[in-house]
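Coordinates in review
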Amino acid sequence: CRIKSRRSGINTNLKSRSKPMSRLQPVRGTADLLPDSMAKHRLVIDAARAASARYGFQEMATPIFEFSEVFSRPLGESSDIVTKENYSFADRGGEILTLRPENTAGVVRAMISGGLTQSLPLKYFYAGPMFRYERPQKGRMRQFHQVGIEYLGPNDALADAEIIACGARFLASLGVLDDCELHLNSLGDSNSRMAYRAALIAYLETFADQLSDDSKTRLAVNPLRILDSKDAGDCAILQDAPRLQDYLNDVSKAHFADLTAALDGAGVAWVFDPLLVRGLDYYCHTAFEFVTTSLGAQGTVLGGGRYDGLAEMLGGPKVAGVGWAAGVERLAMLVETASVNNPRVAILTADDGARQAAFRLAEQLRDAGIDIDLPTSGAMGKKLKKADKAGIRTAVIMGSDELAKNTVQLRNLSDGRQQELPLHPDDCSGLAAAIAKSLLAP
Ligand code: ATP
Ligand code: MG
């Protein structure tokens, strides 16, 4: 009986393999980046890379998974990212690992484990996928991408100003800064926050039974995060709550004044947002977000702040840090067009006799720096139509007749004009020059 059931198990397996897969779609909350979306995606990443290079940030990357502790320690066991949103798993060796929900903890972990605290300050730029088990909706995915920068070392407010200015420059280069508002708040240093925390708890405890379930839990573990609540009932209660800025000590006030003076001096517009606390535990002093009204509820395109306590929380020395991350998908939705990088030159064969020669010429022209498309099948008429549709401007047409004469036809697809040119088997420079000239023609 056991053998039978095992056998039937195997059979079912084989059967299901030969059938089409019933779940042949991307996992909920993930998406394929086909060339059109990839082009916008790439445009956003390139703009961030260029803007951050302007400030001396250098690109680096950390692994997409880390020991779970790297995130659970600094993010706090009670944070949304750790309690509800994490993708954690035990690997075959029994290590508990987590797909990174954000990259700041990974970058700081890399600084500590690489012994880089000897070479401060460090300025890093990164781009890559992040993973959060959230309810998917427009602008909110389970695998999404971020670009970000981290400035490790200085606790000077000018470092905060510099990364914010860099964020603004990045958004401006994408043409979206005018649609964004920069929200800015100060969370103060740990003394200020402790004083405020006590006052906030005292106030909220009088409304404890009216708070949302999430906020009830947060009241015990991290009351500051209640300020971030999107629940309407919570928001009403928060209207009269004590204000963080009333609890800032002189050091905290001076840091904020220094930052805002630098932003004002450089013409970076901002608005004060007393309820902005950011989702994460390790922020102090500066918290900021660039918010757009063009994306509905998911309007935050770039957010960040100062995290002077993070390195210590991870078990390293005390190293100050400030940084931001921006959502690539959200920004890509704001980018109107991005051109897909298609070749503008194709080699089209008129008959099979020219296949090998066409392949060889394509390689020679690529060596000469020209992007070449080489369709492998189809009648000439169809190939010309397809090439035209794909944005090809110039076609090199090769057939057995031309090969016999050592020539090719160079055809301008915009006006249909065609000229016969010599083909030298070992030297395509003349042809390359003619192609370059034809691409320049209006
Ligand atoms: P939100 O309040 O929208 O959930 P967050 O505070 O969780 O944002 P951060 O952790 O600061 O966001 O991440 C920085 C940026 O990454 C966000 O401003 C947003 O543009 C983007 N982002 C965050 N989560 C997602 C997601 N699930 N899908 C797509 N983009 C996201
Ligand atoms: Mg979130």
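The structure this text deals with has already been given above.
We now turn to the structure provided with this report.

About the cut-offs
Residues numbered from 1 in each chain as written. Chains lettered and ligands numbered in written order. Predicted model: local features only at pLDDT ≥ 70, side-chain atom pairs only at ≥ 80, totals over all residues. Heavy atoms only, no water. 1 Å grid on protein atoms, 1.4 Å probe; cavity = no way out; pocket = protein on both sides within 12 Å on 5 of 7 lines; lining within 4 Å. Points joined across faces, edges and corners; volume = space filled by probe spheres on them. Nonpolar A, V, L, I, M, F, W, Y, C, P; charged D, E, K, R; others polar. Helix = DSSP H or I, 4+ residues; strand = E, 2+ residues; numbered from the N terminus. Expected span 1.5 Å × (residues − 1). Buried < 20%, exposed > 50% of the residue type's maximum accessible area, 1.4 Å probe, protein only. Arc of directions from axis to C-beta. Contact = heavy atoms within 4.5 Å. Polar contact = N/O pair within 3.5 Å; in protein donor to acceptor, adjacent residues only side chain to side chain. Core = buried A, V, L, I, M, F, W, Y, C linked by side-chain atoms within 4.5 Å.

Quick look at empty space enclosed by the protein
Inspection of the entire model under this criterion finds 1 cavity of 30 Å³ or more. In this structure, the largest cavity spans a volume of roughly 30 Å³. Every residue along the wall of the largest cavity is listed here: Tyr196, Leu227, Leu238, Ala241, Pro242, Arg243, Leu244, Pro274 and Leu275. Taken together, the residues of the lining of the largest cavity sort by class into 8 nonpolar, no polar and 1 charged.

Some points on helix H10 (residues 250–265)
With 16 residues, H10 should cover 22 Å at 1.5 Å per step; its first-to-last C-alpha distance of 22 Å lies within 8% of that length. Here H10 has its buried residues at Ser252, His255, Phe256, Leu259, Thr260 and Leu263. One face of H10 carries all of its buried residues, which in axial projection span an arc of 120°. Away from its buried face, by an angle of more than 90 degrees, H10 presents the exposed residues Asp250, Val251 and Gly265. Those residues of H10 that are buried lie in contact with helix H6 (157–173), strand E7 (180–186), helix H7 (190–205), strand E8 (271–272), strand E9 (284–292) and strand E10 (300–306). Two residues or fewer after H10 comes Gly267, characterised by a positive phi angle close to 75°.

Things to note about the environment of Thr407
Mapped onto the secondary structure, Thr407 falls in strand E15 (residues 407–412). Counting along the chain gives 163 residues from Thr407 to Leu244, while the straight-line C-alpha distance between them is 78 Å. Once residues within four sequence positions are removed from consideration, Thr407 is found in contact with Glu402, Glu420, Leu421, Pro422 and Leu423. Separated by 2.8 Å, the side chains of Thr407 and Glu420 make a polar contact.

A few points about the environment of Lys437
Along the chain, the position of Lys437 falls in helix H16 (residues 429–440). Among the residues examined, Lys437 registers a relative accessible area of 65% and is labelled exposed. Along the chain, Lys437 and Gly381 lie 56 residues apart, while their C-alpha atoms are 25 Å from each other.

Comments concerning the nonpolar core
In this structure, Ile164, Phe170, Phe290, Trp324 and Leu331 are the most contacted members of the largest nonpolar core, which totals 43 residues. The contact partners of Leu331, leaving out residues within four places of it in the chain, are Val44, Phe170, Leu171, Leu174, Val176, Val301 and Ala326. Formed by 40 residues, the second largest nonpolar core is a distinct cluster that contains Val107, Met130, Ile226 and Leu276.

Let's talk about the environment of Phe288
When you line up the elements, Phe288 lands in strand E9. For Phe288, a relative accessible area of 0% gives the class buried.

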